[in-house]
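A structural walkthrough
Now for the letters of each chain:
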Amino acid sequence: QVQLVESGGGLVQAGASLRLSCTASGRTFSRYGMGWFRQAPGKEREFVAAISWSGDTTYYADSVKGRFTISRDNAKNTVYLQMNSLKPEDTAVYYCAADASNIFGSRYYHSYDYWGQGTQVTVSS
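Summary of the structure given here. Residue positions are given per chain, counting from 1 as you read along its sequence in written order. Only residues with pLDDT of at least 70 get local features here, since the model is predicted, and only at 80 or more are side-chain atom pairs given and counted; chain-wide, interface and lining totals rely on the full set of residues. To obtain the side-chain values, all non-hydrogen atoms of the structure were included, while hydrogens and water were left out.

Details of the sheet that holds strand S3 (residues 18–24)
Consider a sheet: its strands pair through backbone hydrogen bonds, and that pairing is either parallel or antiparallel. At least two DSSP bridges between two strands are needed for those strands to be called paired. Numbering goes from the N terminus for both helices and strands, where a helix is a DSSP run of H or I of at least four residues and a strand is a run of E of at least two. As summarised here, the arrangement of the 4 strands in space is S1-S3-S8-S7, forming an open sheet in which the pairing is antiparallel. Edge positions in the open sheet fall to strand S1 (4–7) and strand S7 (68–73), since each of these has one partner strand only. On average, each strand axis in the sheet is tilted by 15° relative to the strand beside it, whichever way the strands run. Throughout, an axis means a line fitted to C-alpha atoms (over the contacting stretch in the case of helices), and angles, computed between N-to-C directions, take values from 0 to 180 degrees.

Rendered as structure tokens:
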């Protein structure tokens, strides 16, 4: 069993930056592909970014490409999401997720086995 705990959310103005962190329990973190998803009120959960076990391969949704950066530190069991040039449409609850069966990560939420509780990001205009 893996537990994921997100942090770093908050209320910021448009154009600002935030860095989300997600720390995992357990000793097998380095074997998992990791992803970030988000869900805005009244909308379905959507893919934001994913990263392979080694950090060498990353994927981004078109809506965040060039603004967000996913990274990981396996020694700290932590995955990060650096969010720059935030827009009001980025407002959502952000979730990190671990894919125990795919070391490369995935764009598809049903591929993930473990989820954090979410952290709120609110961007005001």
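What follows picks up the thread again.
Examining a nonpolar patch on the surface
A cluster of nonpolar residues, Trp 53, Ile 103 and Phe 104, forms a patch on the protein surface that exposes about 280 Å² of accessible area. The residue Ile 103 is located in the loop between strand S9 (92–99) and strand S10 (114–115) in this model. Each patch is assembled from residues with relative accessible area greater than 30% and no salt bridge, linking like charges that lie within 9 Å and nonpolar side chains (Val, Leu, Ile, Met, Phe, Trp, Tyr) that lie within 5 Å. Computed with a 1.4 Å probe, the accessible areas rest on the Shrake-Rupley method; for each residue, only the protein chains presented here act as cover. Note on definitions: salt bridges are taken to be side-chain nitrogens of Lys or Arg within 4 Å of carboxyl oxygens of Asp or Glu.

Some points on unusual backbone geometry
For Asn 77, which is not glycine, the phi dihedral falls at a positive 55°. Its identity as a non-glycine residue notwithstanding, Ser 85 has a phi of 50°, on the positive side. The partly exposed category is assigned to Ser 85, whose relative accessible area is 41%. Exposure is judged per residue with a 1.4 Å probe applied to protein chains only, and the accessible area is read against the type maximum: over 50% gives exposed, under 20% gives buried, and values in between give partly exposed.

Details of the state of the cysteines
We call a pair of cysteine sulfur atoms a disulfide whenever their separation is within 2.5 Å. As enumerated under the stated definition, the model contains 1 disulfide in all. Each disulfide pairs two cysteine sulfurs, and for Cys 22 the partner residue is Cys 96, the sulfurs being separated by 1.9 Å. Between Cys 22 and Cys 96, the S-S torsion sits near 40°, and that sign places the bridge as right-handed. Remark: Cys 96 occurs in strand S9 and Cys 22 occurs in strand S3; sequence separation between them is 74 residues. Residue Cys 22 shares its accessibility class with Cys 96, and that shared class is buried.

Focus on the packing of aromatic side chains
Two aromatic rings from Phe, Tyr or Trp, using only the six-membered ring of Trp, form a pair when their centres are within 6.5 Å; if the ring planes differ by under 30 degrees the pair is stacked, by over 60 it is edge-to-face, and anything between is tilted. Taken as a whole and assessed by the stated rule, the structure comprises 5 aromatic pairs. Aromatic pair Phe 37 and Tyr 112: ring centres 5.3 Å apart, planes at 80°, arrangement edge-to-face. A residue pair is termed long-range when its members are at least 10 positions apart, and Phe 37 in strand S4 (residues 33–39) and Tyr 112 in the loop between S9 and S10 qualify at 75 residues. Residues Phe 37 and Tyr 112 agree in their burial class; the two are buried. What links up through ring pairs into an aromatic cluster is the set Phe 37, Phe 47, Tyr 112 and Trp 115. Placement of a charge over a ring requires the Lys NZ or Arg CZ to be within 6 Å of the ring centre, with the centre-to-atom vector within 35 degrees of the ring normal. In this structure, Arg 45 is placed above the aromatic ring of Tyr 95, and the distance from its NZ or CZ to the ring centre is 3.9 Å. If you follow Arg 72 out to its NZ or CZ, it ends over the ring of Phe 29, 4.5 Å from the centre.

Here's the deal with the environment of Arg 38
Note that Arg 38 resides in strand S4. Considered as a pair, Arg 38 and Cys 96 are 58 residues apart in the sequence and their alpha carbons are 8.6 Å apart. For Arg 38, the residues in contact, after removing those within four places along its chain, are Glu 44, Arg 45, Glu 46, Val 48, Ser 63, Val 64, Phe 68, Glu 89, Asp 90, Ala 92, Val 93 and Tyr 94. Among the polar contacts made by the side chain of Arg 38, one reaches the side chain of Glu 46 at a distance of 2.6 Å. Polar contacts, as used here, are pairs of N or O atoms within 3.5 Å; protein pairs need one atom able to donate a hydrogen and one able to accept it. Residues neighboring in sequence count only if both atoms are side-chain atoms. At a separation of 2.9 Å, a polar atom in the side chain of Arg 38 contacts the side chain of Tyr 94. Between two residues, a contact is recorded if the distance between any of their heavy atoms is within 4.5 Å.

Quick word on the pattern of salt bridges
Scanning the model with the defined rule gives 4 salt bridges in all. Here Lys 65 and Asp 62 are joined by a salt bridge, their closest N and O atoms 3.3 Å apart. A salt bridge links Asp 90 to Arg 67; the nearest nitrogen and oxygen atoms lie 2.8 Å apart. Within this pair, whereas Asp 90 is found in the loop between strand S8 (78–83) and S9, its partner Arg 67 is found in the loop between strand S6 (58–60) and S7, the two being separated by 23 residues in sequence. With relative accessibility at 10%, the residue Arg 67 sits in the buried group. The structure contains a network of salt bridges with shared partners spanning Arg 38, Glu 46, Arg 67 and Asp 90.

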